[in-house]
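Overview (structure and organization)
These are the residues of each chain, in order.
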Amino acid sequence: MKNNCLFCAIIAGEIPSTKVYEDENVFAFRDINPQAPVHVLVLPKKHIACADEIDAGNAALVGNCFEAIAKIARAEGLKSGYRVINNCGEDGGQSVMHLHFHLIGGRKLGEKII
Ligand code: 5GP
Ligand code: ZN
């Protein structure tokens, strides 16, 4: 756990959240400002600041996050698909520096960047 990290505090239960999934390595909760009917943040429990810090030593945790994403999507009934977004660093628009994946769905998502 990293001091002053909002998402580490949420994982530790020090700040309340609406948890939707937890296992040994992964934690997931609903975004406080949802952009779609389903908007879940999926993150490794271990503090990794951003995607730029993924390396051979922690990449398995990213795989764990994507395994969780598939399970959560099924549990949330996202049968027609969904979008997974990671914002990295200042230019990427990342506002909380604890690696997380936005799982968004529950409606037709139109606003594609690519
Ligand atoms: P980013 O901009 O870093 O990719 O995404 C951060 C996300 O965290 C935003 O979508 C924002 O709404 C969400 N967020 C920020 N603070 C909180 C909080 O205290 N609780 C929850 N559940 N989500 C938060
Ligand atoms: Zn953290």
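In the block above lies the structure referred to throughout.
Scope of this entry: the structure provided in the associated data block. On a predicted model such as this, the values are computed, not experimentally measured, just so you know.

Residues in contact with ligand 1 amount to 16 residues; listed here are only the nearest, Arg 30, Asp 31, Asn 87, Ser 95 and His 102. One of the backbone N or O atoms of Arg 30 is found 2.9 Å from a nitrogen atom in ligand 1. Note that an oxygen atom of ligand 1 is positioned 3.0 Å from one of the backbone N or O atoms of Val 96. Its free accessible area being 520 Å², ligand 1 has 81% of it covered by the protein chains. Structurally, ligand 1 is housed in the largest pocket. Elements represented by at least two residues in the shell around ligand 1 include exactly helix H1 (6–11) and strand E2 (26–30). Ranked by the residues each element gives to the shell around ligand 1, the list is headed by H1, at 3 residues.

This part covers the layout of surface pockets. Put simply, the largest pocket is a space of about 470 Å³. Lining the largest pocket we find 27 residues, and of these Arg 30, Asp 31, Ile 32, Asn 33 and Leu 41 sit closest to its centre. Those elements giving two or more residues to the lining of the largest pocket turn out to be H1, E2, strand E3 (38–44) and strand E5 (101–105). Each residue belonging to the lining of the largest pocket can be placed in one class, and the counts come to 14 nonpolar, 11 polar and 2 charged. In this structure, the second largest pocket spans a volume of roughly 330 Å³. Around the second largest pocket sit Gln 35, Arg 83, Ile 85, Asn 87, His 102, Ile 104, Arg 107, Leu 109, Glu 111, Lys 112, Ile 113 and Ile 114, which together line it. Elements represented by at least two residues in the lining of the second largest pocket include exactly strand E4 (82–85) and E5. Broken down by class, the residue content of the lining of the second largest pocket amounts to 5 nonpolar, 3 polar and 4 charged.

All chains considered together, the criterion is met by 3 aromatic pairs. Geometrically, the ring pair formed by Phe 7 and Phe 29 is edge-to-face, given 5.3 Å between the ring centres and 80° between the ring planes. With Phe 7 in helix H1 and Phe 29 in strand E2, this pair connects stretches of sequence that are 22 residues apart. The two residues Phe 7 and Phe 29 agree in class, both being buried. Between Phe 66 and Phe 101 the ring centres are 5.0 Å apart and the planes differ by 65°, which places this aromatic pair in the edge-to-face class. Taken as a pair, Phe 66 in helix H2 (residues 59–75) and Phe 101 in strand E5 lie far apart in primary sequence, 35 residues in all. Owing to a relative accessible area of 39%, Phe 66 belongs among the partly exposed residues under this scheme.

Cut-off values and rules
Residues numbered from 1 in each chain as written. Chains lettered and ligands numbered in written order. Predicted model: local features only at pLDDT ≥ 70, side-chain atom pairs only at ≥ 80, totals over all residues. Heavy atoms only, no water. Near = heavy atom within 4 Å. Polar contact = N/O pair within 3.5 Å; in protein donor to acceptor, adjacent residues only side chain to side chain. Areas by Shrake-Rupley, 256 points an atom, 1.4 Å probe, with all protein chains shown as cover. 1 Å grid on protein atoms, 1.4 Å probe; cavity = no way out; pocket = protein on both sides within 12 Å on 5 of 7 lines; lining within 4 Å. Sits in = over half its atoms within 2 Å of the grid points. Helix = DSSP H or I, 4+ residues; strand = E, 2+ residues; numbered from the N terminus. Points joined across faces, edges and corners; volume = space filled by probe spheres on them. Nonpolar A, V, L, I, M, F, W, Y, C, P; charged D, E, K, R; others polar. Phe/Tyr/Trp six-rings, centres within 6.5 Å; stacked < 30°, edge-to-face > 60°. Buried < 20%, exposed > 50% of the residue type's maximum accessible area, 1.4 Å probe, protein only.

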